Amino acid sequence: HGRISTLGRRTGNAHRRFSLNMSDGPRHIVVVGGGVQGTSVAYHLKKSPVLPPGSTVSILEAVAPASAASGKGGGFMARAWGDGSSTQQLHHVAFDMYEDLCRDLDVQSYRKLPVLSVSPGKGGVNKAKKSNLNQFLPKWLDGNVGR
């Protein structure tokens, strides 16, 4: 008998753990939000081996999928965006999931591209020129900032 566990609300100094018993027959689960997180939750719930047969998972979205913050990146993700943060490991796991997800869904447009994060200033450009990133630096990137 499967269970889907979630962290519950904080009560005092302890977290109470809630679980949804999935052995009582088909369920209709509604996920609120059609952005990256909501669609990911819905997808993984639907693929879960503990979801009873005949269950449905619906996404409730006010406007359209990825119509707010999730759509602003235009599908662009970078594995290192979370480096140095407390969520670095989560960023890496999530980024690595994209390749598997695209393969599972037969997405033909997925591809990995080399990227370079650029910020103005001579120090950063000079440092990049001395590293193996030099091959990716466009000629116009010289560190001079116009105003």
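Our structure's up above, just so we're on the same page.
Right, let's walk through the structure included here. This structure is a prediction, so every number in the text was calculated from the model and none was measured.

1. Concerning the nonpolar core
Counting five residues, the largest nonpolar core consists of Ile29, Val31, Ala42, Leu45 and Leu51. Breaking this core down by element, the ones donating at least two residues are strand 3 (28-32) and helix 1 (36-47).

2. Some remarks on the packing of helix 1 against helix 3 (residues 88-104)
Where helix 1 meets helix 3, the closest approach of the two axes is 14 Å, and the angle between their N-to-C directions is 60°. With respect to their mutual orientation, helix 1 and helix 3 come out oblique. As for how helix 1 packs across helix 3, the hand of that crossing is left-handed. For the pair formed by helix 1 and helix 3, the contact residues are Val36, Tyr43, His44 and Lys47 on the first element and Met97, Tyr98, Leu101 and Asp104 on the second. Partitioning the contact of helix 1 with helix 3 into residue classes produces five nonpolar, one polar and two charged.

3. A look at the environment of glycine 82
For glycine 82, the position within the fold is in the loop between helix 2 (69-72) and helix 3. With a relative accessible area of 3%, glycine 82 lands in the buried category. As a C-alpha pair, glycine 82 and histidine 92 span 10 residues in sequence and 7.9 Å in three-dimensional space. Not counting chain neighbours up to four residues away, the residues in contact with glycine 82 comprise Gln88 and His91.

4. A closer look at a nonpolar patch on the surface
A contiguous nonpolar patch, built from Val30, Val32 and Leu60 and spanning about 310 Å² of accessible area, is present on the exposed surface. Its location among the elements puts valine 32 in strand 3.

5. Things to note about unusual backbone geometry
You will see that aspartate 106, though not glycine, has its phi angle at about 55°, which is positive. Secondary-structure assignment places aspartate 106 in the loop between helix 3 and helix 4 (122-129). Judged by relative accessible area, which is 56%, aspartate 106 ranks as exposed.

So, how was this worked out
- Residues numbered from 1 in each chain as written.
- Predicted model: local features only at pLDDT ≥ 70, side-chain atom pairs only at ≥ 80, totals over all residues.
- Heavy atoms only, no water.
- Core = buried A, V, L, I, M, F, W, Y, C linked by side-chain atoms within 4.5 Å.
- Buried < 20%, exposed > 50% of the residue type's maximum accessible area, 1.4 Å probe, protein only.
- Helix = DSSP H or I, 4+ residues; strand = E, 2+ residues; numbered from the N terminus.
- Axes fitted to C-alpha atoms, helices over the stretch in contact; angles between N-to-C directions.
- Parallel < 35°, antiparallel > 145°, perpendicular 65-115°, else oblique.
- Left-handed = near helix turned anticlockwise from the far one by under 90°.
- Contact = heavy atoms within 4.5 Å.
- Nonpolar A, V, L, I, M, F, W, Y, C, P; charged D, E, K, R; others polar.
- Patch = residues over 30% accessible without salt bridge, like charges linked within 9 Å, V, L, I, M, F, W, Y side chains within 5 Å.
- Areas by Shrake-Rupley, 256 points an atom, 1.4 Å probe, with all protein chains shown as cover.
- Salt bridge = Lys/Arg side-chain N within 4 Å of Asp/Glu carboxyl O.

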